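Below are the chains, spelled out letter by letter.
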Amino acid sequence: MMAVFTHPEFDGHEQVVFFREPAANLTAIIAVHNTVRGPALGGCRMYPYASEEEALRDVLRLSRGMTYKSAISRLPMGGGKSVLIGDPVRDKTPALLQAFGRCLERMNGRYIVAEDSGTTVEDIRLMASETAHVSGIAERPMPEGGVADGDPSPATAWGVYAGMRAAARLELGRDSLRGLRIGVQGVGAVGSRLVAHLARAGAQIFISDVAQRRVDETARRHPVTPVAPAEIYDLELDILAPCGFGAVLNDLTIPRLKTRIVAGAANNQLATAEDAASLHERGVVYVPDFAVNAGGVIDIAGQRADLDYAESMRQVERIFDTVTEIIQRSRKLGIDTNQVALRMAEANLKG
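Keep in mind that what you see is a predicted model, and the values were worked out from it rather than measured.

## Here we look at the packing of helix 1 (residues 52-72) against helix 12 (residues 337-349)
Running from N to C, helix 1 and helix 12 point in directions that differ by 75°, and their axes come no closer than 8 Å. By the angle class used here, helix 1 and helix 12 are roughly perpendicular. Across the interface between the two elements, Thr67, Tyr68, Ala71 and Ile72 from helix 1 touch Ala341, Leu342, Met344, Ala345, Glu346, Asn348 and Leu349 from helix 12. Residues belonging to the contact of helix 1 with helix 12 are distributed by class as follows: eight nonpolar, two polar and one charged.

## Re the sheet that holds strand 10 (residues 224-226)
Taken in spatial order, the six strands make up an open sheet running 10-9-8-11-12-13, and their pairing is parallel. Here the strands that pair on one side only, and so sit at the sheet edges, are strand 10 and strand 13 (285-286). Set on the sheet, helix 4 (residues 153-172) makes contact with strand 8 (181-185), strand 11 (236-242), strand 12 (258-262) and strand 13; between it and strand 12 the angle comes to about 120°. The strands that helix 5 (residues 189-201) touches are strand 8, strand 9 (204-208), strand 10 and strand 11; relative to strand 8, the one it contacts most, it runs at about 165°.

## With respect to unusual backbone geometry
One non-glycine residue, Ala247, lies in positive phi territory at about 60°. Positionally, Ala247 belongs in the loop between strand 11 and strand 12.

## Comments concerning the nonpolar core
In terms of nonpolar packing, the biggest core is built from 54 residues, with Met164, Leu177, Ile182, Val184, Leu194 and Leu198 touching the most fellow members. Take this core: its biggest share by element is 11 residues, from helix 4. Look past the residues within four positions of Leu177 in its chain and what remains in contact with it is Tyr161, Met164, Arg165, Ala168, Ile182, Leu198, Ala201, Gly202, Ala203 and Ile239.

## Digging into the side chain of Asp289
On the secondary structure map, Asp289 appears in helix 8 (residues 289-292). Put simply, Asp289 is tucked away with no salt bridge, and the nearest opposite charge, on Lys69, sits 6.9 Å away. Of note is the side chain of Asp289, whose polar atom sits 3.2 Å from the backbone nitrogen of Asn268. Beyond its immediate sequence surroundings of up to four residues, Asp289 is in contact with Ala266, Asn267, Asn268, Gln269 and Leu270.

## Focus on the sheet that holds strand 4 (residues 78-85)
Sheets are built from strands paired through backbone hydrogen bonds, the pairs being either parallel or antiparallel. With mixed pairing, five strands are arranged side by side in an open sheet as 1-2-4-3-5. The open sheet terminates on both sides in strands that have one partner only, identified here as strand 1 (15-21) and strand 5 (111-115). Across this sheet, the average inter-strand angle for adjacent strands is 25°, counted without regard to direction. As paired strands, strand 3 (residues 40-47) and strand 4 are joined by six bridges and run parallel to one another.

How each quantity is defined
- All residue numbers refer to positions counted from 1 along the written sequence of the respective chain.
- Only residues with pLDDT of at least 70 are given local features in this predicted model, and only at 80 or more are side-chain atom pairs given and counted; all residues enter the totals for whole chains, interfaces and linings.
- Each side-chain value is worked out from all heavy atoms of the structure, with water and hydrogens disregarded.
- Only the contacting stretch of a helix is used when fitting its axis, a line to C-alpha atoms as for every element, and angles between N-to-C directions run 0 to 180 degrees.
- Only runs of H or I of at least four residues qualify as helices and only runs of E of at least two qualify as strands under DSSP, and these elements are numbered from the N terminus.
- Working rule for angles: under 35 degrees goes down as roughly parallel, over 145 as roughly antiparallel, 65 to 115 as roughly perpendicular, anything else as oblique.
- The contact criterion used is simple: two residues touch if any of their non-hydrogen atoms lie within 4.5 Å.
- Throughout this entry, Asp, Glu, Lys and Arg are counted as charged residues, while Ala, Val, Leu, Ile, Met, Phe, Trp, Tyr, Cys and Pro are counted as nonpolar. The remaining residues, Gly among them, count as polar.
- Only when DSSP finds a minimum of two bridges between them are two strands counted as paired.
- For our purposes a nonpolar core is just a set of buried Ala, Val, Leu, Ile, Met, Phe, Trp, Tyr and Cys residues, chained together by side-chain atoms within 4.5 Å.
- Burial classes: relative accessible area under 20% of the type maximum marks a residue as buried, over 50% as exposed, and values in between as partly exposed (1.4 Å probe, protein chains only).
- When charges are tallied, Lys and Arg are placed among the positive residues and Asp and Glu among the negative ones, while His and the ends of the chain are skipped.
- For salt bridges, the criterion is a side-chain nitrogen of Lys or Arg within 4 Å of an Asp or Glu carboxyl oxygen.
- Polar contacts, as used here, are pairs of N or O atoms within 3.5 Å; protein pairs need one atom able to donate a hydrogen and one able to accept it. Residues neighboring in sequence count only if both atoms are side-chain atoms.

Structural measurements only, silent on function.
Take a look at the structure:
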């Protein structure tokens, strides 16, 4: 039997629910970490996990991160996450998505789903045929023209860009990213959009990704220098932006870093909490991931409040102020930025 309450990643989660519907080939886990500020909001990830243990570990870590992401952003939402065990290319079907929608309905609104890695806005719309407990599917006109379809990726990328600018101003004394050497690790839905912002800002951009097709596509669109995935840790950079896998900041990679700032979109970038202290001791300013990548959840919360797209983006831009406060408090207290950000989020969970 798989242990939950004694699992290393269990952190006082309020509810962890396992769902199975063989007729639809559905195996899923929903983790509700905290609902003090409101119903748990978090994306649904679909991935071919090697084991149920691996899936449980992921959903526990991600749901906890969502609590802190919403709390530090002062959103009226809690933290949760869901995972579908399967290959999104081979195993995803309308029947599976609708079955998961029925699972969501049985949660009675304690958990609200949005898209995540391996799922799309259209997938969430299919779930919505079985439940009202979905978000991130609203279509809203954008000021520059066109229609935003609810995908939180643009807002996430914009928030990371805002956080980078704040860190560069404080750490590098720069009001612009022009000319800075910035490495983007992972150029998927968020990373590729971040590259577009950096290209417009005139940064020198280095990219890596385990999928060569994403590297090639990004290189066709923007002036970037591709590097092998393993090499990005060794580059002389001003900013490193992890935008792919989690746990990339660890006791093997941190000693190799030659960057002043780490600020990226990936969730759970630190392998352990001690890795934040290691970065601090090496003089690397780590912008906590749950603070800088909160743009997507801010936008989804805005959709639930019927905010127009422009107002949602103005709220995302406040990540600049949040990152500024974190770095300034870190300097004043002499502790790493992750500790500071956790304290700020926990204070918001108390009232």
